[in-house]
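Here's the letter readout for the chains.
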Amino acid sequence: MTVGATIDTTGSALPVDEVVRQAHEARAAGLTSLWFGQTFGYDSPTIAAIVGREVPDIHLGTSALPVFGRHPLLVSSQAQTVQAATGGRYHLGLALGTKLFTEGAFGLPFERPVARLKEFLTALRQLTTTGRAQFEGELLTARTPLPASVPGAEPAVPLLVAAMGPQALRVSGRLADGILPYLAGPRALEEHIVPALTRAAEEAGRPAPRVVAFVPGVVTSAPDRVRAAAHEALTFYQQIPSYARVLEQSGVSHPVELAAIGDEKTLADTVRGYRDAGATQVVVAASELGGPDDRLRTWEALGALA
């Protein structure tokens, strides 16, 4: 599971059968993990369960479910069901979300997000490891008058967090199994993210957390065209404070500067740079920007690295 890829189920209109077809392509190319985003269309855990039943021997991940608008009891049921359906190949990602979507879409105040994440993880960990919870926090309550375990949901679902800021990293190091940084370059990982995460885990007496770094990348013979498409697709992230901060820490002014766009060597060198900076796994995103042929070429290059 040292390299993986995303299938774009949030920005493109892929029917379920096409998602499954692409997953078969990814596995045939040698990839060992696939990850699915979460917005307001596909339910990411459900699509992971479908793919996991259709495509053997590949790990599936959600990156990531916002904790606002969800409850640990319901997320636990989802995650354990996927874990049972896929024979233990599921990895659950959680996120703080953004003020824009939390307030604009859910109508919920984006207040105390790190405190909510801490309580959500605490309750969810109880549920996924024991099938029960008796948690009463300031922001969340999770109790189980009936058992909440799912037969076959083993091992316990790994809990990962899309954390990059100091407070979220501290909570993730103490309570989660790892993190899912996106658009955090090697410099940000090595100098800021990995040290803070590792220190928090050590203080809590927990094992070294996973660092699953998501990186835009396309192996292509038309780098200028693909880079222009990536520039347009990634500009949105500059508006989000958490991404703006980590881009500055990475020493870049625009997300496209972190994208691995070029030949196979470009991709391999980028993956190596993230591994050297402390990433335990590199997941390449946005490979669809170059079209189907470039996407498959990218996956085959990743499969060779695996």
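All values derive from a computational prediction rather than experimental measurement. Along each chain, residues carry numbers from 1 onward, in the same order as the chain's sequence is written. Under the rules for a predicted model, residues below a pLDDT of 70 receive no local features and side-chain atom pairs below 80 are neither given nor counted, while totals for whole chains, interfaces and linings still include all residues. Water and hydrogen atoms play no part in the side-chain values, which are based on all heavy atoms of the structure.

Caption draft 1: Region of interest: the overall build of the protein chain. In this description a helix means any DSSP run of H or I spanning at least four residues, a strand means any run of E spanning at least two, and both kinds are numbered starting from the N terminus. What the protein chain contains, in helices and strands, is 11 helices and 11 strands. Just to be clear, the radius of gyration here is over C-alpha atoms, and the globule rule we use is 2.2 Å times residues to the power 0.38. Relative to the compact-globule value of 19 Å for 306 residues, the protein chain shows a C-alpha radius of gyration of 18 Å, a close match. For the protein chain, with 306 residues in total, the buried portion stands at 52%. Long-range contacts, defined as pairs at least 24 residues apart, comprise 74% of the intrachain contacts of the protein chain with a sequence gap of at least 6. Residues scored as positive are Lys and Arg, those scored as negative are Asp and Glu, and His as well as the terminal groups of each chain are ignored. Taken as the charge location is NZ of Lys, CZ of Arg, CG of Asp or CD of Glu. Between the mean site of the 26 positive side-chain charges and the mean site of the 30 negative ones, the protein chain shows a separation of 6 Å. Throughout, exposure labels follow a simple rule: accessible area from a 1.4 Å probe, protein chains only, divided by the maximum for the residue type, with under 20% read as buried, over 50% as exposed, and the rest as partly exposed. Throughout, a residue-residue contact means that at least one pair of heavy atoms, one from each residue, lies within 4.5 Å.

Caption draft 2: Representation of the pattern of salt bridges in the model. One speaks of a salt bridge when a side-chain nitrogen belonging to Lys or Arg is within 4 Å of a carboxyl oxygen belonging to Asp or Glu. Following the criterion strictly, the structure yields 15 salt bridges and no others. Note that Arg297 and Glu264 form a salt bridge whose closest N and O atoms lie 2.8 Å from each other. Of this pair, Arg297 sits in helix α11 (residues 292-305) while Glu264 sits in helix α10 (residues 264-276), and the two are 33 residues apart along the sequence.

Caption draft 3: Here's a closer look at the packing of aromatic side chains. When the centres of two rings from Phe, Tyr and Trp lie within 6.5 Å, Trp using its six-membered ring, the rings pair. Their planes under 30 degrees apart give stacked, over 60 give edge-to-face, and anything left gives tilted. All told, the structure shown has eight aromatic pairs when counted by the stated rule. When the ring of Tyr182 is compared with that of Tyr237, the centres are 5.4 Å apart and the planes differ by 80 degrees; the resulting orientation is edge-to-face. Of this pair, Tyr182 sits in the loop between β8 (178-179) and α7 (186-203) while Tyr237 sits in the loop between α8 (223-234) and α9 (241-250), placing them 55 residues apart in sequence. Relative accessible area serves as the criterion here: at 13%, Tyr182 is assigned to the buried category.

Caption draft 4: Structural detail: the layout of surface pockets. We place a 1 Å grid over just the protein atoms. Points where a 1.4 Å probe fits but has no way out form a cavity, open points with protein on both sides within 12 Å along at least 5 of 7 lines form a pocket, and any residue with an atom within 4 Å of a point lines it. Grid points are joined across faces, edges and corners, and a volume is the space filled by probe spheres set on the points. Its volume calculated, the second largest pocket comes out at about 160 Å³. Lining the second largest pocket are 13 residues, and of these Pro166, Leu169, Arg170, Ala196 and Arg199 lie nearest its centre. The set of elements that each furnish at least two residues to the lining of the second largest pocket consists of α6 (166-175), α7 and α9. For the lining of the second largest pocket, the leading source of residues is α7, giving five residues. Note that Gly is not counted as nonpolar here; it falls among the polar residues with everything else outside the nonpolar set of Ala, Val, Leu, Ile, Met, Phe, Trp, Tyr, Cys and Pro and the charged set of Asp, Glu, Lys and Arg. Of the residues in the lining of the second largest pocket, the class split is five nonpolar, three polar and five charged.

Caption draft 5: Expanded view of the nonpolar core. Side-chain atoms within 4.5 Å are what join buried Ala, Val, Leu, Ile, Met, Phe, Trp, Tyr and Cys residues into a set we call a nonpolar core. Core analysis: the biggest nonpolar cluster contains 97 residues, and Leu34, Phe36, Leu92, Leu94, Leu189 and Leu302 have the highest contact counts within it. Excluding anything up to four places from it in sequence, Leu34 contacts Ala5, Ile7, Ala23, Ala26, Ile58, His59, Leu60 and Gly61.

Caption draft 6: Molecular detail of the side chain of Gln38. By secondary structure assignment, the location of Gln38 is in the loop between β2 (33-36) and α2 (44-54). In the analysis that follows, any N or O atom pair within 3.5 Å is treated as a polar contact, provided that within protein one partner can donate a hydrogen and the other can accept it, and provided that, for residues neighboring in sequence, both atoms belong to side chains. Here the side chain of Gln38 touches Tyr42 through a polar contact of 3.1 Å, landing on its backbone oxygen. Among the polar contacts listed, one links the side chain of Gln38 to the backbone nitrogen of Ser44, at a separation of 2.7 Å. Those residues within four positions of Gln38 in sequence are excluded, and the remaining contacts are Thr10, Asp43, Ser44, Pro45, Ser63, Ala64, Leu65, Pro66 and Arg70.

Caption draft 7: Highlighting the packing of helix α1 (residues 16-28) against α11. Under this scheme, a helix contributes an axis fitted over its contacting stretch, all axes are lines through C-alpha atoms, and angles between N-to-C directions fall in the 0 to 180 degree range. Relative to each other, α1 and α11 sit at 40 degrees, their axes nearing to 9 Å. In this view, α1 runs oblique relative to α11, as classed from their interaxial angle. Every residue of α11 that contacts α1 at Arg21, Gln22, Glu25 and Ala26 is listed here: Arg295, Leu296 and Trp299. Classifying every residue of the contact of α1 with α11 by side-chain character gives three nonpolar, one polar and three charged. Here the angle decides the label: under 35 degrees means roughly parallel, over 145 means roughly antiparallel, 65 to 115 means roughly perpendicular, and every other value means oblique.

Caption draft 8: Quick look at the environment of Gly93. Relative to the assigned elements, Gly93 resides in strand β4 (residues 90-95). The spacing of Gly93 and Gly61 is 32 residues in sequence and 7.0 Å in space, taken between C-alpha atoms. Residues within four places of Gly93 in sequence aside, it is in contact with Thr62, Ala64, Leu65, Leu160 and Leu180.

Caption draft 9: Summary view of α1. Relative to the 18 Å expected for 13 residues at 1.5 Å per residue, α1 spans 19 Å between its end C-alpha atoms, a close match to the ideal helical length. Every buried residue belonging to α1 is among Val19, Val20, Gln22, Ala23 and Ala26, and all of these are buried. The arc that holds every buried residue of α1, seen down its axis, measures 165 degrees, which confines them to one face. In α1, the exposed residues that point more than 90 degrees away from the buried face are Asp17 and Ala28. Residues of α1 that are buried sit in contact with β2, α2 and α11. One or two steps after α1, the chain reaches Gly30, where phi turns positive at roughly 105 degrees. One fewer than the residue count of a helix, multiplied by 1.5 Å, yields its expected span. Each C-beta atom gives one direction from the helix axis, and the arc is the one those directions make.

Caption draft 10: Up close: the packing of α10 against α11. α11 packs onto α10 with a crossing angle of 50 degrees between their chain directions and a minimal axis gap of 10 Å. Taken as axis vectors, α10 and α11 run oblique relative to one another. Here the hand of the crossing between α10 and α11 comes out right-handed. Packed against α10, whose contacting residues are Glu264, Leu267, Ala268 and Val271, the element α11 presents Arg297, Thr298, Ala301, Leu302 and Leu305 at the interface. Here the residues of the contact of α10 with α11 are counted per class, giving six nonpolar, one polar and two charged. The hand of a helix crossing depends on one turn: near helix anticlockwise from the far one by less than a right angle means left-handed, and clockwise means right-handed.

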